[in-house]
Every structure is written in C-alpha cells, then in structure tokens.
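Residues per chain, in single letters:
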Amino acid sequence: MDHYDPQQTNDYMQPEEDWDRDLLLDPAWEKQQRKTFTAWCNSHLRKAGTQIENIEEDFRDGLKLMLLLEVISGERLAKPERGKMRVHKISNVNKALDFIASKGVKLVSIGAEEIVDGNVKMTLGMIWTIILRFAIQDISVEETSAKEGLLLWCQRKTAPYKNVNIQNFHISWKDGLGFCALIHRHRPELIDYGKLRKDDPLTNLNTAFDVAEKYLDIPKMLDAEDIVGTARPDEKAIMTYVSSFYHAFSGAQKLSAWKSVWPVLQCMMGSFLPLSHATHDCFVLSYVLLLTLSFQPLFLLCTDIIGTLRPDEKAIMTYVSCYYHAFSGAQKAETAANRICKVLAVNQENEQLMEDYEKLASDLLEWIRRTIPWLENRAPENTMQAMQQKLEDFRDYRRLHKPPKVQEKCQLEINFNTLQTKLRLSNRPAFMPSEGKMVSDINNAWGGLEQAEKGYEEWLLNEIRRLERLDHLAEKFRQKASIHESWTDGKEAMLQQKDYETATLSEIKALLKKHEAFESDLAAHQDRVEQIAAIAQELNELDYYDSPSVNARCQKICDQWDNLGALTQKRREALERTEKLLETIDQLYLEYAKRAAPFNNWMEGAMEDLQDTFIVHTIEEIQGLTTAHEQFKATLPDADKERQAILGIHNEVSKIVQTYHVNMAGTNPYTTITPHEINGKWEHVRQLVPRRDQALMEEHARQQQNERLRKQFGAQANVIGPWIQTKMEEIGRISIEMHGTLEDQLNHLRQYEKSIVNYKPKIDQLEGDHQLIQEALIFDNKHTNYTMEHIRVGWEQLLTTIARTINEVENQILTRDAKGISQEQMNEFRASFNHFDRKKTGMMDCEDFRACLISMGYNMGEAEFARIMSIVDPNRLGVVTFQAFIDFMSRETADTDTADQVMASFKILAGDKNYITVDELRRELPPDQAEYCIARMAPYTGRDAVPGALDYMSFSTALYGESDL
C-alpha cells in the first residue's frame with residue numbers, strides 16, 4: 001500500500017462536503033445503499049467473528065463501529081465504554097469519529113448524537129465516508145486515484161469486451177455485462193461470456209453476483225431486481241461493490257507476479273526457498289529482476305555478492321553502467337509515447353463530444369419536427385367533450401413532454417460551449433456542427449414550436465367558446481321550435497273549415513271575431529318565428545355540426561308559417577263576405593277573447609322566459625339577469641289583476657246566460673282559451689318564479705367562486721412575475737461584476753440557482769390555480785396582466801440564463817487553470833473588458849475590441865485585426881464575449897502542444913526515420929491509440945519508403961487543423 005498523504009485525502013474528500021444527503025430520501029437508492037453498505041461492513045466484521053443486521057441500529061452504541069474501524073485499519077482504537085446509557089454510546093461514537101478525522105477525513109454535518117439516535121441518512125453518509133477512505137481512496141491507476149482511478153481501472157479491464165462501455169458508476173452497470181467482463185478478464189474459467197445477452201440484464205447480474213460470492217469471496221451487496229428496476233442505480237452502492245473486485249483482483253495479480261519470478265530466483269540462488277521468504281532479501285530479488293529485464297550477461301554471482309563482506313567496487317560500477325545505457329534509450333521512447341498518447345486522447349475525447357452533440361441536436365430537432373404538425377392541426381371537433389379531451393392532451397404535453405426537452409435544449413447549449421472551450425484549450429479548430437444543427441438553428445426551431453403552442457392554445461379556447469355557444473343556441477332553438485310547433489298544431493285544419501257556410505248570423509259574427517282573435521295571436525307569434533329563424537342563421541354562421549337538421553326544421557316552420565298566413569287571409573276574406581248578412585254578436589265573449597289571447601300569450605312568453613337557459617361569465621351579467629327577473633316579478637300583481645278581470649268577463653257571460661236562458665253551446669265561440677287554462681298557466685307561472693330565483697342564486701354563487709379564483713391567481717402571478725424579472729437582472733449584474741474570485745462568483749451563482757430551483761413549488765402551485773381557472777372556463781382576469789404563458793416563458797428563460805451563466809464561469813475557470821492565469825490577471829482582463837463594453841451587454845463589438853487592443857499596446861493593421869477577429873469570433877457574429885477575450889489574451893503567452901512537437905515525438909519513436917511502421921506504433925503506444933493512428937495515417941510515399949510505411953508528418957499537421965485528417 002502506498003504511503004498515505006493526508007493532503008491528498010483532503011483534496012479528494014473535499015467534494016464530499018457538498019454531498020447532497022437528501023438524495024438518500026429516494027426509497028430505491030436508500031434500499032440499495034442499506035444492502036450494499038451492510039454487506040460491505042459484514043465482510044470485514046466477519047474477521048472479528050461478528051456481523052450487523054440493521055445498519056442504523058447496530059452502530060448506535062458505537063461498539064461495532066469501533067470494531068469495524070480496527071479491522072479495516074489494522075490499528076487499535078481507544079478502550080470503549082461498556083455502559084448502556086446514552087452518554088456511554090455518544091462517547092464510543094465520538095471515539096470512532098475522532099479516529100476517522102485523524103485519518104485526514106473531514107466529516108461534515110455528522111455528529112455522534114445523530115448516529116446514536118439512529119438517523120438513517122447520517123449513518124449511511126458516515127459509512128460511505130469510511131468506504132471512500134479505506135476502500136477507494138488508496139486505489140491508484142496511471143496517476144489517477146480514488147474514484148477516477150477505479151473508473152479508469154474498470155475501463156482498461158473491460159475495453160476488449162463487446163457491448164461494455166463503462167463511463168460512470170450508475171447506468172453503465174445496469175445490464176450486468178460490466179461485472180461479468182471484470183470476472184472473465186481475471187478468471188475466464190468462471191463465466192462463459194460469449195453466451196451472455198445484453199437484453200437479459202437480470203440473468204447477467206445474478207450470474208456475476210453468484211460467481212463473485214462463490215469463487216471470489218465477494219459478498220452479494222446488490223440485488224439484480226433493484227438495479228434493473230431503478231432508472232439510475234445508486235452510484236455509491238455500485239462504487240462500493242466494484243471496489244471489492246479491484247481489491248480482490250489486484251491482490252491476485254501481485255501474488256501471480258511473485259509466483260512467475262520465484263522459480264528464476266530459486267535457480268539463481270541455487271537452492272529451494274518457500275515463497276513466504278520472498279520479502280526477506282530485497283537485494284537478491286532486485287538483482288534477479290534486473291538481470292531478467294535488462295538481458296545483461298551474468299557478470300556477478302549472487303553467492304559472491306552475499307558471501308563477501310565488501311563486494312568489489314569496480315565490478316559493481318562496471319555492471320551498473322550497463323543498466324544506464326540499456327534504460328536511457330527506453331526512457332526517451334516512453335516520453336515520446338506519453339506525449340502522443342496525451343494528444344490522441346484529447347482528440348478522441350473531442351470527437352466523441354462532437355458525435356454526442358450531433359446526436360442530441362438531431363433528436364431534439366426531430367422531436368420538434370414531429371410536434372409542430374400536431375400543434376398546427378386545427379381540425380375542429382363537433383362536441384364539447386372531444387374538444388376538452390384535446391385541451392387535456394395539450395396540458396399533458398405542457399406538463400410531461402415539454403419540460404424534459406427544455407432541459408435537453410439547455411444541456412445541448414452547455415455541451416456546445418464546453419466543447420468549444422476544450423477545443424480552444426487544446427489548440428484545435430472550432431467545432432462547426434452539421435448544416436441545420438447550429439445552436440441558432442435549434443433556437444429558431446424552438447421559437448417556431450413555442451409560436452405553434454401559443455396558436456394552438458388560443459384555437460382550443462376559441463373552439464370551446466364556440467361549441468359552448470352552439471350548444472346553448474341549439475337547445476334554445478329546440479325549445480322555441482317545440483313551443484311554436486305545439487301552438488301551430490291543428491291551425492291549418494281549423495283555417496280550412498267551411499263551418500261559416502251553415503252558421504247562423506251570431507255564429508258568423510262569432511267566427512269573424514274568433515278569426516280576428518286568431519290573427520292577433522298569429523301576429524303575436526311572428527316574433528317567435530323570427531327568433532327561430534335568427535337562431536338557425538346564427539347556428540349556420542358558427543358552423544354547427546347538425547346544421548342540416550336545424551335548417552330542415554326551420555324551413556318547415558317557415559313554410560308552415562307562410563301557409564298559415566295565406567290560409568288566414570283566405571278565411572278572413574270569406575268571413576268578411578258573409579259578415580254583411582250576420583249582425584248579432586256577443587260583445588262580452590269578444591271582450592273576453594280579446595283580453596284572454598294577449599294575456600295567454602304573455603303567460604306563455606313568461607313561462608318560456610322562466611324556463612329559458614342562460615350562460616354568463618361575470619358577476620355583472622348574472623346581476624343583470626337578476627335585476628330583469630326582479631322587474632318581472634314586480635309586474636305580477638298587475639298581471640293578476642288582469643287575470644281577475646278576464647275571469648270576471650267570463651263570469652258575467654255565464655250570469656247572463658243563466659239569467660236570460662240563452663241557448664249557447666257552452667263554450668266561447670271566439671276563443672279556445674278557457675278560464676281553467678288561464679288559471680292553470682297562471683299557477684304554473686307562479687311555480688316557475690321560485691325555481692328561477694334558485695337558478696339565479698346558484699349561478700351567482702358560481703360566479704363569485706370564479707371571481708375568487710381570478711383574485712387568487714392574480715395575487716400569485718403579480719408576485720411571481722416581478723420576482724422572475726428581478727432574478728434575471730441580478731444574474732446579469734453578477735455575470736459582469738468582479739467581486740471575489742471566479743470560484744466565489746460560481747458559488748454565488750449556484751446559490752442563486754438553488755434559490756431559483758427552490759421557488760419551483762410556487763410555480764407548480766400557480767399552474768394548479770391556472771388549471772382550476774381553465775376547468776371553470778374562465779377566459780379573462782382583470783386582476784393581473786400576467787398570463788400563465790408569460791410566467792412559463794419567464795421561468796424557462798430564468799433557468800436557461802442561470803445555467804448558461806454558470807457554464808460561462810466554469811469555462812473561465814477551466815481556461816484560467818489550463819493557461820495558468822492568476823486571479824489578478826483575470827481581474828485585469830475583466831476590468832479591461834467591462835471598461836470597453838460601453839453598452840454593458842456582456843459583449844464588445846468590433847470597434848470596442850479594437851480600442852481595447854490599442855489600449856493594451858497592440859499596433860496592427862486591418863489584416864492583422866481581421867486575423868484576430870477570426871480567432872475571437874469564429875462564427876462571425878460581430879461581437880466578442882468575455883470567454884473569447886480571455887482565450888485570446890491567454891493564447892498570446894500560453895505554451896501548448898504544436899504539430900511540430902508531435903512530429904518530433906513520432907520521429908523519436910521511428911528511430912529518426914521520415915516514416916513509421918505498424919509494428920513500431922503497436923510496440924510504443926497503447927492498443928486503442930495505436931489502432932487509431934494506423935486507421936488514420938496515410939501511406940508514406942517518399943523515396944526511402946518501405947512496405948507498410950506510414951506518413952506521421954501529415955497526420956500530425958491534421959491533428960491541429962493544418963490539413964485534412
């Protein structure tokens with residue numbers, strides 16, 4: 001084990017201070033961590049003859065916690081307290097925490113009281129800290145350590161395996177092939193890797209877990225079902241389990257190395273020694289290994305050196321000089337190979353980032369292309385239910401489908417900026433995406449999507465209003481048509497009667513008066529017919545789906561009405577011709593008929609109005625209906641007087657008939673309206689009045705509730721809208737100020753980001769109020785100028801702005817660290833940039849940038865300034881950002897790799913030849929990078945070319961964009 005460096009531990013453990021322990025509240029992750037950490041602890045506690053069952057309960061007294069630390073560290077802790085009281089338990093846990101702190105581990109927010117109280121979150125956090133320090137921290141692979149070293153070890157071990165791509169410690173392990181590849185790489189006899197399938201993760205995971213537990217003594221720390229059933233498995237649980245593989249296989253490799261060299265050592269020593277004595281004589285071992293690796297002749301014998309008190313100095317010097325000459329040439333080749341590996345690794349990483357950007361951009365544009373036609377579809381529906389379903393589908397799109405795409409768009413911009421920064425830092429040309437996949441293209445497509453959204457929502461709401469109006473008009477048409485058809489039933493037959501031909505004079509007079517009363521009634525119904533026609537016309541104009549049946553019924557009513565008018569005129573002419581012969585008429589019956597007919601029409605109209613449906617959207621409208629109803633009720637006493645007067649006329653007629661014994665048929669010859677009918681309709685009107693009162697009261701209550709919803713939404717929107725605008729302005733000020741270091745600015749921005757994210761519940765609450773408003777069919781709100789669309793757009797812009805600003809500061813830190821720029825230089829650059837950024841937009845135009853360069857001592861012409869502008873503004877936008885300004889200023893003094901340096905390195909590997917061979921590449925470079933060079937190097941065509949010679953000079957210039965690769 002390497003010497004433990006406390007400073008190194010602090011550097012690695014520092015990020016864990018920001019560990020978000022709230023993630024442990026995720027039930028899936030907490031379950032995985034409980035099982036994994038419990039199994040890991042038991043794998044060590046078994047060495048002391050004990051184990052734990054419940055991780056938060058069994059460590060509460062501190063005894064097993066102290067025992068665990070003694071086992072994994074090999075050191076003795078202070079004597080524990082054996083008492084059962086809380087103070088004894090806290091004392092034991094504090095001793096364990098003090099021991100952890102003595103190892104250079106910084107514990108944040110973890111106290112003994114929380115462990116003693118059984119706090120699950122803190123207990124799991126403490127165990128993870130122990131795992132990091134004692135199981136992961138000491139892992140070292142090629143100058144990387146801890147988590148990065150363990151990840152690099154996994155990538156190296158699984159690189160030759162199909163369908164295995166280890167990039168992290170969560171989703172890269174879900175299919176189980178990574179675990180199986182690690183086992184097969186070291187113990188191929190345990191797993192038949194060729195029979196494994198990527199689409200069967202449960203079988204792969206269970207196979208790896210069972211084999212590791214049975215043959216490798218690695219306890220089963222994970223459940224296959226938990227990993228497969230979780231979208232993103234817990235990273236800490238996976239790292240803990242994978243570290244067990246590292247320790248198991250790294251120990252086996254060391255033992256294998258001893259076994260391979262031990263027979264040589266035995267032969268040279270001339271005797272058989274057990275392997276357990278291998279570490280007793282370091283000098284003998286180093287001597288044998290040097291002979292084996294350097295292939296030097298055996299100048300000295302081991303027995304001569306060991307058996308001599310003071311070996312001969314000249315002999316030792318002569319032999320050691322051979323090693324100097326053997327290893328000095330190899331060191332140059334190793335240095336050259338390391339340089340090439342570094343350059344190729346940067347190029348490979350950049351190519352992968354470009355491919356990821358192209359794929360993410362293509363997927364996002366394809367989603368926008370599929371979504372816009374759906375939003376532009378304006379095919380209307382015939383029913384309110386169908387349109388409400390469309391509105392619900394649109395709400396689901398807003399809540400479920402669009403938010404992930406907003407995050408993808410933001411991540412795409414961040415990835416693009418990060419890639420461009422890495423390309424500039426590695427002295428590579430700027431990345432130009434494929435045609436139509438620039439960030440501006442994606443922003444334009446996104447703008448089209450949002451425009452389509454806005455139009456689609458407006459269309460939906462207008463269609464719902466239209467259908468609501470159509471349903472109301474259609475019901476009103478049916479009611480009026482039914483009343484009219486009921487009234488006209490039999491009227492045509494009555495008008496076609498020839499009863500006047502055999503009637504007496506009095507009967508003729510009665511028929512004439514009756515006909516006059518009918519004409520009066522007919523005229524009274526003219527308004528109803530006109531209303532029916534007007535409603536039908538409005539239904540046609542609003543494109544009602546059942547317009548043909550409405551038109552047919554309306555046409556039938558109009559034709560019947562014209563026929564009634566013609567028949568009425570014809571009968572009147574016949575009665576007037578006969579009127580000269582008949583003179584007697586009963587004036588009382590006529591008076592009754594004249595007053596009963598309009599009163600009957602008034603009652604029918606009143607019943608129709610009292611039963612008429614209404615639709616309102618404001619309190620003022622319902623108040624207007626209520627006022628009209630109250631005015632109607634005020635006319636009821638006068639109407640009752642009219643009814644009593646009409647009934648009095650009928651009673652007087654009856655009295656005259658009884659008094660003078662007039663021979664009457666018993667009915668009024670001038671009208672069909674009887675007193676019983678009048679009384680019945682009057683009673684019906686009186687019953688309908690309180691019903692109308694109740695309906696108006698209920699509607700008034702509903703409008704009051706709608707008004708409360710408007711006020712509630714307006715109050716929240718009037719707070720959230722200005723808050724979003726304020727945050728946007730604050731972020732803009734932070735991005736151009738120079739308070740503190742870049743890390744201070746980054747921390748400040750992240751605190752802003754956290755406060756903004758914490759504000760999300762208020763946005764969700766406002767969304768809920770907005771949904772209630774839409775469900776209540778409320779279409780306007782006088783209490784606020786903010787709509788939900790304004791709030792959504794502002795919120796999305798706020799999230800995008802804070803993420804983009806954080807990314808810009810991170811790129812500035814990356815540039816500063818890569819170029820060795822001090823904080824004072826960064827402040828000077830920022831001061832110069834802010835001074836010449838006269839518009840305070842965070843960007844300088846061409847003239848401002850030219851003035852800045854002149855102030856810094858640059859003396860240049862138009863050609864030189866054009867060259868500099870092509871560097872700081874590769875997209876030719878006419879502006880220079882602060883990041884581009886820093887890149888340019890740091891480029892002037894930066895010492896970066898160049899094509900000439902890479903060519904010189906290749907020349908060393910090629911032994912000063914102008915070409916290099918495939919065998920030399922494969923001998924000096926790692927396999928993947930050697931194959932990378934072979935696949936991209938052009939054949940060498942010089943006069944000194946040999947078969948298979950490759951041109952490393954053109955390849956080196958292509959790496960830096962000086963030629964085509």
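Residue positions are given per chain, counted from 1 along the sequence in the order it is written. For this predicted model, a pLDDT threshold of at least 70 governs which residues receive local features, and a threshold of 80 or more governs which side-chain atom pairs are given and counted, while totals over whole chains, interfaces and linings are taken from all residues. Excluding hydrogens and water, the side-chain figures rest on all heavy atoms present in the structure.

- Under an unreviewed UniProt entry, the chain has the name Actinin alpha 1 and belongs to Lamprotornis superbus.
- Recorded under Subcellular location (unreviewed entry), the UniProt text for the chain is reproduced unchanged: "Cytoplasm".
- UniProt positions are given in the numbering used here, feature names are shortened, and annotations may be inferred rather than shown by experiment. Quoted verbatim from the Sequence similarities (unreviewed entry) heading of the UniProt record, the comment on the chain is "Belongs to the alpha-actinin family."

1. Examining the side chain of Glu 707
- Secondary structure elements are defined from DSSP: runs of H or I of at least 4 residues count as helices, runs of E of at least 2 residues count as strands, and each element is numbered from the N terminus. Mapped onto the secondary structure, Glu 707 falls in helix H25 (residues 675-736).
- For this analysis, residues touch if any pair of their heavy atoms sits within 4.5 Å. Setting aside anything within four residues of it in sequence, one finds Glu 707 in contact with Ile 619, Lys 782 and His 783.

2. Quick notes on unusual backbone geometry
- For Asp 217, which is not a glycine, the phi torsion comes out positive at approximately 60°.
- Positionally, Asp 217 belongs in the loop between helix H10 (201-215) and helix H11 (224-228).
- Of note, Asp 912 is a non-glycine position whose phi angle comes to about 65°, a positive value.
- Among the structural elements, Asp 912 can be located in the loop between helix H33 (899-909) and helix H34 (918-924).

3. Focus: the confidence of the model for the chain
- Values of pLDDT, which run from 0 to 100, indicate the predictor's confidence residue by residue. With 83% of its residues at a pLDDT of 70 or more, the chain shows a mean pLDDT of 79.
- Counting contacts from residues 1-25, a segment whose pLDDT is below 50, to residues more than four positions away or on other chains yields 43 contacts.
- Within the model, pLDDT remains below 50 along residues 581-585, and this stretch shows 15 contacts once partners closer than five positions in the same chain are excluded.

4. Brief notes about the packing of aromatic side chains
- Each Phe, Tyr or Trp ring, with Trp reduced to its six-membered ring, pairs with another whose centre is within 6.5 Å; inter-plane angles below 30 degrees give stacked pairs, above 60 give edge-to-face pairs, and intermediate values give tilted ones. By the definition in use, this model includes 30 aromatic pairs.
- Relative to Phe 245, the ring of Phe 179 lies with its centre 6.1 Å away and its plane at 40°, an arrangement referred to as tilted. Residue Phe 179 is located in helix H9 (residues 177-186), and its partner Phe 245 is located in helix H12 (residues 235-269); the two are separated by 66 residues in the primary sequence.
- Ring geometry for Trp 487 versus Phe 518: centroids 6.1 Å apart, planes at 0°, classification stacked. On the criterion of sequence distance, the pair formed by Trp 487 in helix H17 (residues 439-488) and Phe 518 in helix H19 (residues 505-524) is long-range, its members being 31 residues apart.
- The classification of residues rests on relative accessible area computed with a 1.4 Å probe and restricted to protein chains. Under 20% of the type maximum is buried, over 50% is exposed, and intermediate values are partly exposed. Classification of Trp 487 as buried rests on a relative accessible area of 9%.
- The class of Phe 518 is buried, set by a relative accessible area of 7%.
- Taken together, the ring pairs in this structure connect Phe 169, Trp 173, Phe 179, Phe 209, Tyr 241, Phe 245 and Phe 249 into an aromatic cluster.
- If you follow Arg 133 out to its NZ or CZ, it ends over the ring of Phe 134, 5.2 Å from the centre.
- Should the NZ of a Lys or the CZ of an Arg lie within 6 Å of a ring centre and within 35 degrees of the ring normal, that charge is described as sitting over the ring. Residue placement shows Arg 850 over the ring face of Phe 865; its charged tip is 4.1 Å from the ring centre.

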